Structure formats: C-alpha cells, structure tokens
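One letter stands for each residue in the lines below.
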Amino acid sequence: MSEWRGEMNAHRSRTVNIGIVTFAVMLAGLGISLAWGMGARPPVVGMPAHEFSLPNLSGQAQSLSQYRGKIVLLNFWATWCKPCTTEMPAMQAAYERFRDRDFAVLAINELEDTSKVREHIRDHGHTFPVLLDQDNRVANLYGVFGLPVSVFIDEAGVIREYIKGGLLTEQKIRETVERIKAHAEQPRAASLR
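Everything quoted here is computed from the prediction, not taken from an experiment.

Peer 1: Give a detailed account of the sheet that holds strand β5 (residues 130-133), specifying residues and quantitative values.
Peer 2: Strand order in this open sheet of five strands is β5-β4-β3-β6-β7, and the pairing throughout is mixed. On the outer flanks of this sheet lie β5 and β7 (159-164), each paired with one strand and no other. Here the average twist between neighbouring strands, direction ignored, is 20°. Summarising the sheet, strand β3 (residues 71-77) and strand β6 (residues 149-153) pair through five bridges and their orientation is antiparallel. Its bridge partner lying in β6, Val 72 is registered against Ile 153.

Shown next, in the form of structure tokens:
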C-alpha cells in the first residue's frame, strides 16, 4: 500500500511540474513574461542607485544619470493601485515646490499600456516626468514587489531612503529631502574646518 502511495505522489509531482512548465511556455508564446514576480533584493540604503534608461510618455529615453546633481524621488506605481494614486498629489506638490532647488520626481509606471498611463496623468494634472517600465526590468532591478515603492537618491547617485508601501505626503517628502541635503552638507562642513 505504501509503495502505491509513493508512486501516486511521484506521479502527482511530475504532473504539477509538467503543468507549470506548459503554462510558462504558453505565456512565453503569447509574449507574456513571468518577470513580474522576479524582483531582486531591494537595494540597501547607502549603496549606489542602479543606472537605467526608460522611455517617457513621448517615447524619449530618459536615464537616471541625467538627474545626477539632484535629489531624485523614484516612485514605482500603477493606475490600478489606489495608494499609488492617493500619494501622487503630494508628489506633484513637492515637485512644483522643489524642482528649482535640485529635486526631481520620476514616476515609473509598471507594465501598463502607454495610452492608459497618459490618460491618467493628463486627467490628474500631473506634470512630473513619467517613465514606462513595460517589461518590469527596472522594477526588478530595484527589488519592487508590491506597490507603491519610493526610492530617494541623493545628488551623488546614492540611495538614501527606500519606502515600501508607505504613503508619501508632502511633509514626508519635504523632510526626507531636507535630511538628504543636511547629510550632504556634513562632509563639506567637516572639510572646511
């Protein structure tokens, strides 16, 4: 009897494995990637931010290195994500308030159709740059699993804060930017002594 159960369990295991492989091949044949669940580990505060290049809503490539010398807020989002859309007005207000003071917002949309994203941004009056991560490559690079995720990067390209799922407010953004600026001033002040 136990021999029979062992054979049945082995058969079930082979059947499940074949089913998974068949499903993955079918998705690949349709041009659908399983990469959405393959995020790397989130970056560690204090490490250099990963360089990337993504198209904006006009199709022009923008890279993170274009924003060197500014504090950058990378925000990973989607139109269907209620917390994402809830925090966007605060991002817009901070962008308007600080963009002339070496601050940039890059809203990185995950896996959505360009026309849907463009319509959402237009309807809500957002003017910060929106980049399209349609193969989820950059989200995976930054360990994004679940939305929203916000990454603050300093003027030298170093990650200073990684916020997973937390709702950004204008005050939270302002405090984080001020803390990053103060951190950057410390080495300069020490070298002047």
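That was the structure; now back to the text.
Peer 1: Which residues make up unusual backbone geometry, and what values do they have?
Peer 2: Glycine aside, the phi torsion of most residues is negative, and most peptide linkages are trans. Here the residue pair Leu 147 and Pro 148 is connected by a cis peptide bond, since its omega of -5° sits within 30 degrees of zero. Mapped onto the secondary structure, Pro 148 falls in the loop between α4 (137-141) and β6. Unusually for a residue other than glycine, Leu 111 sits at a positive phi of about 60°. Assignment of secondary structure puts Leu 111 in the loop between β4 (103-110) and α3 (114-124). For Asn 136, which is not glycine, the phi torsion reads 70° and is therefore positive. By secondary structure assignment, the location of Asn 136 is in the loop between β5 and α4.

Peer 1: Outline the nonpolar core, supporting the account with residue identities and numerical values.
Peer 2: If you look at the biggest cluster of nonpolar residues, it comprises 27 residues, and the most contacted ones within it are Met 91, Phe 103 and Ile 173. Of all the secondary-structure elements, those providing two or more residues to this core are β3, α2 (82-98), β4, α3, β5 and α5 (170-192). It is α2 that contributes the most residues to this core, seven residues altogether. With sequence-adjacent residues up to four places away left out, Ile 173 is seen in contact with Leu 73, Ala 90, Met 91, Ala 94, Phe 103, Phe 152 and Leu 168.

Peer 1: So, the side chain of Asn 56: which residues are in play, and what are the values?
Peer 2: For Asn 56, the location among the structural elements is in the loop between β1 (53-55) and β2 (61-63). For Asn 56, a relative accessible area of 11% translates into the label buried. A polar contact is formed between the side chain of Asn 56 and the backbone nitrogen of Ser 58, at a distance of 2.8 Å. Those residues within four positions of Asn 56 in sequence are excluded, and the remaining contacts are Gln 62, Val 130, Leu 131 and Leu 132.

Peer 1: Can you explain the side chain of Gln 92? Please cite residues and give values.
Peer 2: As for its position among the elements, Gln 92 is in helix α2. On the basis of relative accessible area, Gln 92 is assigned to the buried category, the value being 7%. Polar side-chain contacts of Gln 92 include one of 2.8 Å to the side chain of Glu 96. Those residues in contact with Gln 92 that sit more than four places away from it in its chain are Gly 125, His 126, Thr 127 and Phe 128.

Peer 1: Go over the pairing of β4 with me, naming the residues and quoting the values.
Peer 2: Burial analysis of β4 places eight of its eight residues in the buried class, which makes it a mostly covered element. Burial along β4 is two-sided: the face carrying Phe 103, Val 105, Ala 107 and Asn 109 and the face carrying Ala 104, Leu 106, Ile 108 and Glu 110 are both buried. Here seven bridges tie β3 to β4, and the two strands are oriented parallel to one another. Each residue of the ladder has a partner; that of Trp 77, found in β4, is Asn 109. With α2 bridging β3 and its parallel neighbour β4, the resulting β-α-β unit is right-handed. Two elements, β4 and β5, share four bridges in a ladder whose sense is parallel. Of the residues in β5, the one forming a bridge with Glu 110 is Asp 133. In this fold, β4 hands off to α3, which returns the chain to β5; that crossover is right-handed.

Cut-offs and rules
- Residues numbered from 1 in each chain as written.
- Predicted model: local features only at pLDDT ≥ 70, side-chain atom pairs only at ≥ 80, totals over all residues.
- Heavy atoms only, no water.
- Pairing = 2+ DSSP bridges.
- Helix = DSSP H or I, 4+ residues; strand = E, 2+ residues; numbered from the N terminus.
- Axes fitted to C-alpha atoms, helices over the stretch in contact; angles between N-to-C directions.
- Core = buried A, V, L, I, M, F, W, Y, C linked by side-chain atoms within 4.5 Å.
- Buried < 20%, exposed > 50% of the residue type's maximum accessible area, 1.4 Å probe, protein only.
- Contact = heavy atoms within 4.5 Å.
- Polar contact = N/O pair within 3.5 Å; in protein donor to acceptor, adjacent residues only side chain to side chain.
- Right-handed = clockwise from strand over helix to strand, strands pointing away.

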